[in-house]
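An overview of the molecular structure
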Amino acid sequence: MKRWLSKAEESLGNHSDRLNAINIFPVADGDTGTNLYLTVRAASQAANAAETTDLGELLKIAGQAAMEDARGNSGTLFAVFLSAVAEPLHHHVRLSGPLLATALQRAQIRSWSALSDPVPGTMLSVLEATARGAAVVDGAQNGDDSNHALALTLQAAVQAALEAVVHTESQLGVLTQAKVVDAGGVGFLLIMDALRAASLGEELQDELLDGLHGYDIQAPHIHNGGDADGVEVMCTINLSPLDAATLRLHLDELGDSVIMSAVTEVEEGYRWRVHVHVPTPEPALKLIQEAGNPINVSVTQLASPRAGDTPLYSEVQEASG
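Please read these numbers as outputs of a predicted model, since none were measured by experiment.

Reading the values: rules and limits
- Residues numbered from 1 in each chain as written.
- Predicted model: local features only at pLDDT ≥ 70, side-chain atom pairs only at ≥ 80, totals over all residues.
- Heavy atoms only, no water.
- Helix = DSSP H or I, 4+ residues; strand = E, 2+ residues; numbered from the N terminus.
- Buried < 20%, exposed > 50% of the residue type's maximum accessible area, 1.4 Å probe, protein only.
- Contact = heavy atoms within 4.5 Å.
- Areas by Shrake-Rupley, 256 points an atom, 1.4 Å probe, with all protein chains shown as cover.
- Core = buried A, V, L, I, M, F, W, Y, C linked by side-chain atoms within 4.5 Å.
- 1 Å grid on protein atoms, 1.4 Å probe; cavity = no way out; pocket = protein on both sides within 12 Å on 5 of 7 lines; lining within 4 Å.
- Points joined across faces, edges and corners; volume = space filled by probe spheres on them.
- Nonpolar A, V, L, I, M, F, W, Y, C, P; charged D, E, K, R; others polar.
- Expected span 1.5 Å × (residues − 1).
- Polar contact = N/O pair within 3.5 Å; in protein donor to acceptor, adjacent residues only side chain to side chain.
- Pairing = 2+ DSSP bridges.
- Patch = residues over 30% accessible without salt bridge, like charges linked within 9 Å, V, L, I, M, F, W, Y side chains within 5 Å.
- Salt bridge = Lys/Arg side-chain N within 4 Å of Asp/Glu carboxyl O.
- Lys, Arg positive; Asp, Glu negative; His and termini not counted.
- Charge placed at Lys NZ, Arg CZ, Asp CG, Glu CD.
- pLDDT = per-residue confidence, 0-100.

On a plain count of helices and strands, the protein comes out with 11 helices and 5 strands. Counting only residues that meet the buried cut, the protein has 55% of its 321 residues in that class. A separation threshold of at least 6 residues defines the contact pool for the protein, and within that pool the share at least 24 residues apart is 71%. Counting only carbon and sulfur atoms, one obtains 50% of the accessible surface of the protein, whose full area is about 13,600 Å².

Take a look at the structure:
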């Protein structure tokens, strides 16, 4: 698992520019590759520092680190995915085909439920196809937990992810018009291929990306970063499930791309990572502050500055509880 996250970090670092170039949806702000890379890097660093042989505990630590440092839609979804994958792996010291299929199914359910308005043709669709591909092979293997069955499950998951990435172009009108595949979907494909390579002791399959529309090195830098209006607001906050549901409802009325996912259980209920796109930050920040005491608050312009530039507003505090 440590090798997986290290490989994923390396792969996303190498491909971040190209992922940024095809970043069209939900906002053409050219930062999907950077956001995924930085979030996976946080997970990898936390995993490498952890001293445990429990796969679930290791990925829980990595998932929490990713959630606290998640960037953008894609990074937040990866953090949700990683935290969910950890759950069925607790008390296990070895990955198997049945465990992988169960973990991917759990992650698919959690990821779809974390979004207020999930959209097909995105990273979510690729995750769903990946889980389905793993489940089909696992079912055919009748719960075989051998290394051979794991290899078949991983290969099927990656192949399903690739097919889903190709399909994204026809699922979203903006991607069809631009003649590109979804950037977040490609990023997730790279993450799954890193898992395959790390688990089987093999190399990454760079040829996986050959022929993906918009992804050739000679393809132009196509995102239109200046066309997006509004800001991205992110924070971490401790809330009861009821208060979290109420905040989600109000944020849905105010903006879009709302993602709320529980990070850890705390005395007040759960520690939540909140993400929303809104026209202006003040109403969203007011709702969040009325709900509780947010920390790690950041407000970033959607159109520009480019990823990696200083946010319009950033407040970082140590977690409480």
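The biggest cluster of nonpolar side chains holds 75 residues, and the ones touching the most others in it are Trp4, Leu5, Leu59, Phe78, Phe81, Leu95 and Val186. Non-local contacts of Leu5, meaning those with residues more than four positions away in its chain, are made with Val40, Ala43, Ser44, Ala47, Leu59, Ala62, Phe78 and Leu82.

Attention now moves to empty space enclosed by the protein. Under the counting rule described, the total for this entry stands at 3 cavities of 30 Å³ or more. Together, Met1, Trp4, Phe81, Val85, Leu89, Leu95, Leu100, Ala103, Leu104 and Leu195 line the largest cavity. At 3 residues, helix 5 (residues 97–114) tops the list of elements feeding residues into the lining of the largest cavity. Partitioned by chemical class, the residues of the lining of the largest cavity number 10 nonpolar, no polar and no charged. Approximately 50 Å³ is the volume found for the second largest cavity.

Turning our attention to unusual backbone geometry. Look at Lys179: it is not a glycine, yet its phi comes out positive at around 60°. Along the chain, the position of Lys179 falls in the loop between helix 8 (173–178) and helix 9 (183–200). A relative accessible area of 59% means that Lys179 is categorised as exposed. For Ser257, which is not glycine, the phi torsion reads 55° and is therefore positive. Here Ser257 lies in strand 2 (residues 256–266).

Bringing helix 9 into the picture now. Relative to the 26 Å expected for 18 residues at 1.5 Å per residue, helix 9 spans 26 Å between its end C-alpha atoms, a close match to the ideal helical length. When you tally the buried positions in helix 9, you get 16 out of 18 residues, the bulk of the element. Regarding helix 9, its N-cap is Asp182, as a side-chain oxygen of that residue lies 3.2 Å from the backbone nitrogen of Gly184 further along. A positive backbone phi angle near 65° is found at Gly201, which sits one or two residues after helix 9.

To continue, consider the pairing of strand 1 (residues 231–239). Judged by how many residues are buried, strand 1 sits mostly within the fold: 9 of 9 residues are covered. Because side chains alternate across strand 1, one face comprises the buried residues Val231, Val233, Cys235, Ile237 and Leu239, and the other comprises Glu232, Met234, Thr236 and Asn238, equally buried. Sheet topology places strand 1 next to strand 3 (residues 269–278); 9 bridges connect them, and they run antiparallel. If you follow Cys235 over to strand 3, its bridge partner there is Val274. Where strand 1 and strand 4 (residues 295–301) come together, 5 bridges link them in antiparallel fashion. If you follow Val231 over to strand 4, its bridge partner there is Gln301.

As a further point, take a negative patch on the surface. A cluster of acidic side chains, namely Asp117, Asp252, Glu253 and Asp256, defines a negative patch on the protein surface. Take Asp117: it is sitting in the loop between helix 5 and helix 6 (123–140).

Moving on: the pattern of salt bridges. This model, assessed by the stated rule, comprises 6 salt bridges. For Asp193, the salt bridge identified is with Arg196, shortest N-O distance 2.7 Å. Of this pair, Asp193 and Arg196 both sit in helix 9, 3 residues apart, roughly one helical turn. Among the residues examined, Asp193 registers a relative accessible area of 3% and is labelled buried.

For the rest of this paragraph, the subject is the environment of His275. Along the polypeptide, His275 turns up in strand 3. Along the sequence, His275 and Ile259 sit 16 residues apart, while their C-alpha atoms lie 5.0 Å from each other. His275 has contacts with Gly72, Asn73, Thr76, Glu232, Val233, Met234, Ser257, Val258 and Ile259, leaving out every residue within four places of it along the chain.

Take the confidence of the model for the protein next. When pLDDT is averaged along the protein, the result is 88; 89% of the residues meet or exceed 70. Per-residue pLDDT, averaged within each element of the protein, yields its smallest value for strand 5 (residues 313–315) (57) and its largest for helix 9 (96). Under a pLDDT of 50 for its full length, residues 305–310 has, in the predicted model, 7 contacts with residues more than four places off or in other chains. Segment residues 316–321 is flagged for pLDDT under 50; beyond a separation of four residues in sequence, or across chains, it makes 10 contacts in the model.

All right, on to helix 4 (residues 72–86) then. Between its terminal C-alpha atoms helix 4 stretches 22 Å, which fits the 21 Å expected from 15 residues at 1.5 Å a residue. Most of helix 4 sits out of view: 15 of its 15 residues are buried.

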